[in-house]
Amino acid sequence: MIDIKDKLKLLPDSPGCYLMKNKDNKVIYVGKAKILKNRVRSYFIGAHNLKTTKLVSEIVDFDYIITSSELESLVLEINLIKQYDPKYNIMLTDDKTYPYILLTNEAHPRLYVVRNVNSKTKIGKIFGPYPNVNSARKTVEMINRVYPFRKCRIIPKKECLYYHMHQCLGPCINDEKYDYSDYKREVIRFLNGDTKVILNGLESKMEEASVNLDFEKAIEFRDLIEDIKITTLKQKISIGDLTSRDIFGIYFDEENVSICVLYMRNGNIVQNYYTTIPLIGTVEDLISTFLLQYYKTEELKPSEIMINEEFNNIEISNILNVSFVTPQKGKKKEILDMANLNAKESLENKNILHQNKVLKKIETIEKLGELLNINAPYYLEAFDNSNIFGEYPVSAMVVYKNGKPSPKDYRKYHVKTVVGSNDYETMKEVIYRRYLRLKMEDAVLPDLIVMDGGEIQVNACKEVLASINANINVMGIKKDNNHKARAIVFNDMEYEIDKSSDIYLLLANISQTVHDFAISFFRSTKAKGMFSSRLDGVKNLGPKRKEKLLKHFITIDNIKNASLEEFREIGINDELAESIISHLNDN
């Protein structure tokens, strides 16, 4: 068997498609490339996110097909995906099936909700999708009350209740051929967003029933009118044209891509759709493939797609035969920005909900214990330092009990013995002060100490604990270039963290919490230090009065502009107040 490294050397500088295979020779992923050599090699070089790493771990062989252009590779890719149904490409499709409304082309047409768009639904005109199935069903129910479409799937041998309610023309008992074209035309307009015709007709019927003193019928029409208005009430943002357009909002992080699609029909946003897709390969390639899979039939395509500039792909536009636009200003730009914001909110909310769920599970802290081969660290303390070029050095500690933050137990430390920026010595001082005190008070020691850093911080902590004879497990959270948790350092070993795991979310939360707490403390310390230094040299102004000035005036400018009356309010006489103002103006 040819070694995969040797095979990589033979890749051409041509556009085409590649097919990744597993040990069973099954195609598990299909992709396209402008230059096959560069794209396929990229999978086997450098670091990747979790999903791509998992894909690469299963690849034992690959094939490729050269095309004469990138456009051909786009078409070929979607055809290969349909043929092989690779499991990593399947991730691009949402497992939910949204309902559509079908108006059939039968001699006696029907209007009903369908779940899938396939060959069976080619017998009529499709509307949708409708992410809210109740909305779709209620819309169909209302239209069927207004128009006498056939309600039964198979025409029976005798009339039913709908015939007697004048909601069906009774093809079961009448051989006469009916012309439904006007009804169908009005329904199509209604489902495309134009409700005026139906509403005007119902209002006329309501008035007629009222004139004829048929108040029960008038009330029925009134309620039907209200139902239609409520069901078709859409977003306030609208555009004054009748172009059917889909607006794609896109947001992504290292692991996932969030997509929000807003459907605009008749100038109004009528529906929305959200999905989150695992990020495999590049975001640009993923979005291109998603668009090709999203519009499976002609009926689903709008006249226009609004999308961000980086995803405005002319080849995809040509394949779909749909105009792609990226608005730069005005109402359309606002709507695209709104779609992007919704995509961002969707992904962030999903991450927050998952993280909150993890933090509520005691099992997560137990999994951490199993990973480190220690008893579950139900009580842990985490540390982080902060300074700027060695000035205003501080440290902070946060506490987690049963996997949850315990703010009442947080502690702040002004560094007293270390001069300059020395993370190792700073950590030694703080660890010594914390755990010597706990030992002297015979207090409960934590199950685990977490250092927001790698080997340096861990070694500093362990050195101090050994000197005071405190037996506590110590681990560090090693960061990547983006200052995000990458690995656990424990007992001279390094454990890579799966970024989709519960343990990662717990440690990321601990790391962020202690970092934010340390930064917040540093900023307040720095502000006090700078404030105090500006007031140095004022005769008869001691530390307590400086503290009063800080709390009352907040900034130096406020002190300069303060009146003598304001100084008197905090117990500073006029002579000292004038000295303070004069000193600040001179310096």
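How each quantity is defined
- Residues numbered from 1 in each chain as written.
- Predicted model: local features only at pLDDT ≥ 70, side-chain atom pairs only at ≥ 80, totals over all residues.
- Heavy atoms only, no water.
- Helix = DSSP H or I, 4+ residues; strand = E, 2+ residues; numbered from the N terminus.
- Buried < 20%, exposed > 50% of the residue type's maximum accessible area, 1.4 Å probe, protein only.
- Areas by Shrake-Rupley, 256 points an atom, 1.4 Å probe, with all protein chains shown as cover.
- Contact = heavy atoms within 4.5 Å.
- Salt bridge = Lys/Arg side-chain N within 4 Å of Asp/Glu carboxyl O.
- Patch = residues over 30% accessible without salt bridge, like charges linked within 9 Å, V, L, I, M, F, W, Y side chains within 5 Å.
- Core = buried A, V, L, I, M, F, W, Y, C linked by side-chain atoms within 4.5 Å.

Novice: Sorry, what's going on with the overall build of the chain here?
Specialist: Across its full length, the chain carries 21 helices and 19 strands. Expressed as a percentage of the 587 residues in the chain, the buried residues total 46%. About 31400 Å² of surface is accessible on the chain, with carbon and sulfur atoms providing 50% of the total.

Novice: It is not clear to me how the environment of Ser-14 should be interpreted in this structure. Could you clarify?
Specialist: Tracing the sequence through the fold places Ser-14 in the loop between helix H1 (4–9) and strand S1 (16–21). If sequence neighbours within four positions are ignored, Ser-14 has contacts with Lys-34, Ile-35, Leu-36 and Ile-66.

Novice: Whenever I open this one, unusual backbone geometry confuses me. Can you help?
Specialist: Leaving glycine aside, a negative phi is the common case for residues, and trans is the common case for peptide bonds. Here Asn-491, not a glycine, exhibits a phi torsion of approximately 50°, which is positive. Structurally, the position occupied by Asn-491 is in the loop between strand S18 (485–490) and strand S19 (493–496). Taking the relative accessible area as the measure of exposure, Asn-491 reaches 46% and is therefore partly exposed. The phi dihedral of Asp-492 falls on the positive side, at around 65°, and the residue is not glycine. Residue placement: Asp-492 occurs in the loop between S18 and S19.

Novice: How should the pattern of salt bridges be read in this particular structure?
Specialist: Proximity of charged atoms lets side chains of opposite charge pair with each other. Overall, the coordinates contain 30 salt bridges when judged by the stated rule. For Lys-478, the salt bridge identified is with Glu-455, shortest N-O distance 3.3 Å. Taken together, the residues Lys-478 in strand S17 (residues 473–479) and Glu-455 in helix H16 (residues 455–467) connect sequence positions 23 residues apart. Note on Glu-455: relative accessible area 36%, which makes it partly exposed. Note that Arg-568 is salt-bridged to Glu-565, the shortest N-O span being 2.8 Å. Here the residue Arg-568 and the residue Glu-565 both occupy positions in helix H20 (residues 564–569), the gap between them amounting to three residues, near one helical turn. Here the salt bridges do not stand alone but share partners, grouping Glu-455, Lys-478, Arg-486, Glu-494 and Glu-496 into one network.

Novice: What am I meant to see in a nonpolar patch on the surface here?
Specialist: On the surface, a cluster of nonpolar side chains totalling about 310 Å² of accessible area is made up of Leu-161, Tyr-162 and Met-165. Structurally, the position occupied by Leu-161 is in helix H7 (residues 161–164). Given a relative accessible area of 59%, Leu-161 falls into the exposed group.

Novice: What is the right way to look at the nonpolar core in this model?
Specialist: Where a protein is soluble and globular, its nonpolar side chains tend to be buried together. Residues Phe-248, Ile-287 and Ile-307 are the most contacted members of the largest nonpolar core, which totals 31 residues. Contributions of two or more residues to this core are made by helix H4 (70–84), strand S4 (100–104), strand S7 (245–252), strand S8 (256–265), strand S9 (268–278), helix H11 (283–294) and helix H12 (314–320). In this structure, Ile-365, Leu-372, Leu-380 and Val-514 belong to the second largest nonpolar core, which totals 28 residues.

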